[in-house]
Amino acid sequence: LAINSPASSIPEAETFAKDTFISGGFNLTGKNISFKGFDVDIANKINKRLGEIYDTFDIPKLSSLESYGKSNKRAWANNSEAPMFTTNFGNIGLNNTLVKSQKLIDKYNKSGAEAFQYVLDNIDALTGESKIIAEAYKEAGKSLVGNSVEDFITHEIGHHISYIPKINKQLSAIQKETNWKAYARKLSGYANHSFGEYFAESFNAFCRGEQAILQPELVKIFESIRRK
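This is a predicted model, so every value here is computed, not measured.

**Student:** Explain the environment of Lys73 here, please?
**Tutor:** Inspection of the secondary structure assignment puts Lys73 in helix H3 (residues 73-79). On the basis of relative accessible area, Lys73 is assigned to the exposed category, the value being 68%. Put simply, Lys73 and Phe85 are 12 residues apart on the chain and 15 Å apart in space, counted from C-alpha to C-alpha.

So, in C-alpha cells, the structure goes:
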C-alpha cells in the first residue's frame, strides 16, 4: 500500500488515496476523497503515513478522507479548531484552514505552544476541572504526543480503530476496569481530555515506537491488529 513516489499534483494524490485507502460510502462534504486547498507536499505526507499504517495494521478502509473549511458549514461548525477529525462512520476530515501547508502547521503549533505555556504560568489561579486538566498537561510536559501532520493523521486513525466493534467492546472494559488515567498523565496533556483521545494518542505513541510508556492492555490491542 505504501506510496512508491510522491504525487506531483493534488489530483494525483487524490487518485492514489482513493484507490488505496477509501472504501466509499457515507461522506461529509460530497466527496469521498478531497485534498482541496492543500499543498501537494502535505497531501503526500498524509498518503505516505497512511500507507505505512495500512501496511502495518489490518484495519478497515476509510469511508472518506475529506478536506473541509468554512464552506462546509456543518463540519466547520463542529471542528473549526481541530486540524483533523474522525467520525464513527469512517470519515476523516482535514481542516484546510489550519494544516494545508507547512507554514500553517507551524503557525498552529506555535499557537498551541504559547497556550500551553500560558496555562502553566497561570496554573495556580485555576480551580476545579480546569486545574486538574492543567496539572495533567504539566505532568505530561507536552500537549500532544506529536505535532507533525503525520502525527495528526496517525492520531485520527487511532480514533478510526477505536470504532471497530470488537475493539470498541474491549476498550469499554479497559475504560471501566483499569486505571488508564495514570497512563494518560504520562502520555500527553490532550490524552487526559477523554478516554477516546487517550486511545488515539496511545496509538500515535505506539507507531512512534514509544511502547514502554503505554498501558499494556492497549499494547496488546495494537499488537493484535498487526499484519501477520
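**Student:** Help me out: how do you make sense of the pairing of strand S2 (residues 64-68) in this one?
**Tutor:** Every other side chain in a regular strand lies on the same face of the sheet, so the side chains alternate between the two faces. Burial of S2 is extensive: five of the five residues sit out of reach of the surface. Neither face of S2 is exposed, since Ser64, Glu66 and Tyr68 on one face and Leu65 and Ser67 on the opposite face are all buried. In the sheet, strand S1 (residues 33-34) pairs with S2 via two bridges, with the strands oriented parallel. In the sheet register, Ile33 faces S2, and the bridge partner there is Leu65.

**Student:** Which parts of the structure should I look at to understand helix H5 (residues 128-140)?
**Tutor:** Helical periodicity: at 3.6 residues per turn, an α-helix aligns residues three or four positions apart in one direction. In this model, H5 (13 residues) spans 19 Å end to end at C-alpha, consistent with the 18 Å of a helix rising 1.5 Å per residue. Contacts from the buried residues of H5 go to helix H4 (102-121) and helix H8 (180-187). Positive backbone phi, approximately 80 degrees, marks Gly141, located one or two places after H5.

What counts and what doesn't
Residues numbered from 1 in each chain as written. Predicted model: local features only at pLDDT ≥ 70, side-chain atom pairs only at ≥ 80, totals over all residues. Heavy atoms only, no water. Helix = DSSP H or I, 4+ residues; strand = E, 2+ residues; numbered from the N terminus. Buried < 20%, exposed > 50% of the residue type's maximum accessible area, 1.4 Å probe, protein only. Pairing = 2+ DSSP bridges. Expected span 1.5 Å × (residues − 1). Contact = heavy atoms within 4.5 Å.

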